[in-house]
Amino acid sequence: NAGVMQNPRHLVRRRGQEARLRCSPVKGHSHVYWYRQLPEEGLKFMVYLQKENIIDESGMPKERFSAEFPKEGPSILRIQQVVRGDSAAYFCASSDGANYGYTFGSGTRLTVV
Amino acid sequence: QQQVKQSPQSLIVQKGGISIINCAYENTAFDYFPWYQQFPGKGPALLIAIRPDVSEKKEGRFTISFNKSAKQFSLHIMDSQPGDSATYFCAASNFNKFYFGSGTKLNVKP
């Protein structure tokens, strides 16, 4: 039973490009969460999604960031026109919504040059 | 506004010693308090968790102590080992949304 799969593990983008981060939840999990972690800092909530719905996006920057979790396929976190300040590790977690256990992926480390 | 405050930021413990990490929260609606362990380059992994209806939970060398009236909880690592060297995050949750502490970097010296 594979855990949460995130890809790519490392992503380098030039300023102004788009970054697309993918997350495949644990099989059977329909709840997905994205967190951002800056170096030497904790995890900051970004968005909570269920299949085809955004439940809570209170942690998402108002511009350039979007997330989706389609009926089929992985959840996508999309960052348009990246800037240096977007450089961070982005973690996805999933749960079945029935109990409180989160399973985290290994993260995507985004570097903006 | 930081929902969960964690201390210390870093901790050095000798092998065999006890590591203690503390967290405090504000929102009394939180009903689940997990601790996560993160190694460099990896995602956080659930270590142990507690609900507010109990004051202590122990799993092997790891114990959570929970003080509901003080809105505080702590992680105790007994007989700390070099392999425990990692960053530890406390968290608090309600309605499937987690708030994380800022993390404690633990270094267990051999």
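The paragraphs below set out a description of the structure included in this document. Quick caveat, the model's predicted, so the values are computed rather than measured.

Counting its secondary structure elements, chain A contains zero helices and 11 strands. In sequence order, the secondary structure elements of chain A are arranged as β-β-β-β-β-β-β-β-β-β-β. Scaling as 2.2 N^0.38, a compact globule of 113 residues should have a C-alpha radius of gyration of about 13 Å, and chain A matches this with 13 Å. In terms of principal-axis extent, the alpha carbons of chain A reach across some 40 × 25 × 25 Å. Within chain A, buried positions represent 45% of all 113 residues. Counting only contacts in chain A whose residues sit at least 6 apart along the sequence, the fraction spanning at least 24 positions is 51%. Split by element, the accessible area of chain A, about 5,700 Å² in all, is 45% carbon and sulfur. Side chains of chain A give 16 positive and 11 negative charges; the mean places of these two sets differ by 7 Å.

Residues Ile18, Ile20 and Met78 of chain B make up a contiguous nonpolar surface patch of roughly 240 Å² in combined accessible area. You can see Met78 of chain B is positioned in the loop between β8 (72-77) and β9 (86-94).

The next thing to look at is the pattern of salt bridges. Residue and element names in this part refer to chain A. Scanning the entire structure with this criterion turns up six salt bridges over all chains. The partner of Glu18 in a salt bridge is Arg78, with the nearest N and O atoms 2.9 Å apart. Here the residue Glu18 occupies a position in the loop between β2 (10-13) and β3 (19-24), and Arg78 occupies one in strand β8 (residues 75-79), the gap between them amounting to 60 residues. Given a relative accessible area of 29%, Glu18 falls into the partly exposed group.

This part is about the sheet that holds β8 of chain B. Residue and element names in this part refer to chain B. Sheet architecture is open: five strands sit in the order β1-β3-β8-β7-β6, paired in antiparallel fashion. Edge strands, defined here as strands with exactly one partner in the open sheet, are β1 (4-7) and β6 (56-59). Looking at each pair of strands side by side, their axes are set apart by 15° on average, direction ignored. In this sheet, β8 lies alongside strand β3 (residues 19-25) in antiparallel orientation, the contact comprising six bridges. Within β8, the position partnered with Cys23 by the bridge is Phe73.

It is worth spelling out the packing of aromatic side chains at this point. For the structure shown, the criterion picks out 22 aromatic pairs over all chains. Aromatic side chains Phe104 of chain A and Tyr36 of chain B sit 5.4 Å apart centroid to centroid with 85° between the ring planes, which places their arrangement in the edge-to-face category. With one member in each of two chains, Phe104 of chain A in strand β10 (residues 103-104) and Tyr36 of chain B in strand β4 (residues 33-38) form a pair that bridges those chains. Judged by its relative accessible area of 0%, Tyr36 of chain B is buried. Taking 4.8 Å as the distance between ring centres and 45° as the angle between the ring planes, the aromatic pair formed by Tyr25 of chain B and Phe33 of chain B counts as tilted. We classify Phe33 of chain B as buried; its relative accessible area is 0%. Taken together, the ring pairs in this structure connect Tyr33, Tyr35, Phe45, Tyr48, Tyr102 and Phe104 of chain A together with Tyr32, Tyr36, Phe98 and Phe100 of chain B into an aromatic cluster.

Picture a little ball the size of a water molecule; that probe, rolled over the atoms, points out where space is still empty. The space that makes up the largest pocket amounts to roughly 600 Å³. What lines the largest pocket is a set of 28 residues, and nearest its centre among them are Gln37, Pro39 and Glu40 of chain A together with Gln38 and Thr87 of chain B. Broken down by secondary-structure element, the contributors of at least two residues to the lining of the largest pocket are β9 (88-95) and β11 (108-112) of chain A together with β9 and β11 (104-109) of chain B. Per-element tally for the lining of the largest pocket: the top contributor is β11 of chain B, with four residues. Looking at side-chain class alone, the lining of the largest pocket contains 11 nonpolar, 12 polar and five charged residues.

Cut-offs used in this document
Along each chain, residues carry numbers from 1 onward, in the same order as the chain's sequence is written. Going through the entries in the order they are written, you letter the chains from A and number the ligands from 1. Only residues with pLDDT of 70 or above have their local features reported here, since the model is predicted, and side-chain atom pairs are shown and tallied only from 80 upward, although totals for entire chains, interfaces and linings are computed over all residues. Only hydrogens and water are set aside; all other atoms, that is, all heavy atoms of the structure, feed into the side-chain values. Each helix is a run of H or I in the DSSP string that is no shorter than four residues. Each strand is a run of E no shorter than two, and both are numbered from the N terminus. In this treatment the radius of gyration is a C-alpha quantity, and the globule benchmark scales as 2.2 Å times the residue count to the 0.38 power. For the exposure calls, accessible area comes from a 1.4 Å probe over protein chains only, and a residue counts as buried if that area is under 20% of its type's maximum, exposed if over 50%, partly exposed in between. Note on contacts: a residue pair is in contact if any heavy atoms of the two residues lie within 4.5 Å. Each accessible area value is a Shrake-Rupley result obtained with a 1.4 Å probe; residue values ignore everything except the protein chains displayed when judging cover. Lys and Arg are tallied as positive, Asp and Glu as negative. Neither His nor the chain termini are counted. By convention, the charge on Lys lies at NZ, on Arg at CZ, on Asp at CG and on Glu at CD. Distance thresholds for patches are 9 Å for like charges and 5 Å for nonpolar side chains (Val, Leu, Ile, Met, Phe, Trp, Tyr), applied to residues having over 30% relative accessible area and no salt bridge. In the sections that follow, a salt bridge refers to a side-chain nitrogen of Lys or Arg positioned within 4 Å of a carboxyl oxygen of Asp or Glu. A pair of strands is labelled paired if DSSP reports no fewer than 2 bridges between them. Angular values range over 0 to 180 degrees, each being the angle between N-to-C directions of two axes fitted as lines to C-alpha atoms, with helices fitted over their stretch in contact. Side-chain rings of Phe, Tyr and Trp (the six-membered ring for Trp) are treated as a pair once their centres are within 6.5 Å; stacked means planes under 30 degrees apart, edge-to-face means over 60, and tilted covers the remaining angles. Using protein atoms alone on a 1 Å grid, points that fit a 1.4 Å probe yet trap it form a cavity, whereas open point sets bounded by protein on both sides within 12 Å along at least five of seven lines form a pocket; residues with an atom within 4 Å of a point count as lining. Grid points are joined across faces, edges and corners, and a volume is the space filled by probe spheres set on the points. Note on residue classes: Ala, Val, Leu, Ile, Met, Phe, Trp, Tyr, Cys and Pro are nonpolar, Asp, Glu, Lys and Arg are charged, and everything else, Gly too, is polar.

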